[in-house]
Amino acid sequence: QVQLVESGGGLVQAGGSLRLSCAASGRTFSRYSMGWFRQAPGKDREFVAAITRSGGSTYYADSVKGRFTISRDNVKNTVYLQMNSLKPEDTAVYYCAATNGWETMSTLSRQYDYPYWGQGTQVTVSS
């Protein structure tokens, strides 16, 4: 089992940047693929980005491709989401999640394939 704690959210102007972090407990972090999801008010939670166990492959939603970068440090047991060129429509609660299932885009983009979730961190982008 793994416990996840996000940090780094906040208020930023459009065009600005933020870096989210997700710290994982335990000594088995490298066994988990990691994902970032977000949920805006009144909307369903949606996939943002994912990274495989080794960090060798990354996947992104079309809406963030070219602006967001997911990375991980398996020594520090942490996954990051660097968010650049932020837009008001990026405003949401951002969640990190962990899974030890199949490492494909189709599985890593499905929230229901992730059994472990953090509590979320709020990101607000002002126009």
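Conventions we followed
- Residues numbered from 1 in each chain as written.
- Predicted model: local features only at pLDDT ≥ 70, side-chain atom pairs only at ≥ 80, totals over all residues.
- Heavy atoms only, no water.
- Helix = DSSP H or I, 4+ residues; strand = E, 2+ residues; numbered from the N terminus.
- Rg over C-alpha atoms; globule rule 2.2 N^0.38 Å.
- Buried < 20%, exposed > 50% of the residue type's maximum accessible area, 1.4 Å probe, protein only.
- Contact = heavy atoms within 4.5 Å.
- Lys, Arg positive; Asp, Glu negative; His and termini not counted.
- Salt bridge = Lys/Arg side-chain N within 4 Å of Asp/Glu carboxyl O.
- Polar contact = N/O pair within 3.5 Å; in protein donor to acceptor, adjacent residues only side chain to side chain.
- Pairing = 2+ DSSP bridges.
- Axes fitted to C-alpha atoms, helices over the stretch in contact; angles between N-to-C directions.
- Disulfide = S-S within 2.5 Å.

> Any details on the overall build of the protein chain? Residues and values, ideally.
Assigned secondary structure in the protein chain consists of one helix and eleven strands. Taking 2.2 N^0.38 as the reference for a compact globule, 127 residues should give roughly 14 Å; the C-alpha atoms of the protein chain span a radius of gyration of 13 Å, in line with that estimate. Considered along the principal axes of its C-alpha atoms, the protein chain spans approximately 40 × 25 × 25 Å. When burial is assessed residue by residue, the protein chain has 44% of its 127 residues classed as buried. In the protein chain, of all internal contacts separated by at least 6 residues, the share reaching a separation of at least 24 is 60%.

> Give a description of the side chain of Glu6 that names residues and reports values.
Looking at the secondary structure, you find Glu6 in strand S1 (residues 4-7). Summary of buried charges: Glu6 has no salt-bridge partner, and the nearest side chain of opposite charge, Arg45, is 7.8 Å away. In terms of polar contacts, Glu6 uses its side chain to reach the backbone amide nitrogen of Cys96, at 2.8 Å. Here Gln119 takes part through its backbone nitrogen, which lies 3.0 Å from a polar atom of the side chain of Glu6. Sequence-distant contacts of Glu6, defined by excluding residues within four places in its chain, comprise Ser21, Cys22, Trp36, Tyr94, Tyr95, Cys96, Gly118, Gln119, Gly120 and Thr121.

> Please give an account of unusual backbone geometry that cites residues and values.
The backbone phi angle of Asn77 is positive, close to 55°, even though this residue is not glycine. Tracing the backbone through its elements, the reader meets Asn77 in the loop between strand S7 (68-73) and strand S8 (78-83). Taking relative accessible area as the criterion, Asn77 reaches 15% and is therefore assigned buried. Despite not being glycine, Ser85 shows a phi value in the positive range, around 50°. Mapped onto the secondary structure, Ser85 falls in the loop between S8 and strand S9 (92-99).

> Now, about the sheet that holds strand S3 (residues 18-24): what can you tell me, with residues and values included?
Strand order in the open sheet formed by four strands is S1-S3-S8-S7, with antiparallel pairing between adjacent strands. The open sheet has two free edges, formed respectively by S1 and S7, since each of these has just one partner strand. Sheet twist, expressed as the average angle between the axes of neighbouring strands with direction ignored, equals 15°. When S7 meets S8, the two strands line up antiparallel, connected through six bridges. The residue bridging Arg72 from the neighbouring strand is Val79, located in S8.

> Talk me through the state of the cysteines; I want residue IDs and the actual numbers.
Here the structure, examined in full by the defined rule, presents one disulfide. A sulfur-sulfur distance of 1.9 Å marks the disulfide that ties Cys22 to Cys96. Classification of the bridge connecting Cys22 and Cys96 rests on its S-S torsion, roughly 45°, and on that basis the disulfide is right-handed. Of this pair, Cys22 sits in strand S3 while Cys96 is found in strand S9, placing the two residues 74 residues apart along the sequence. Taking the relative accessible area as the measure of exposure, Cys22 reaches 0% and is therefore buried.

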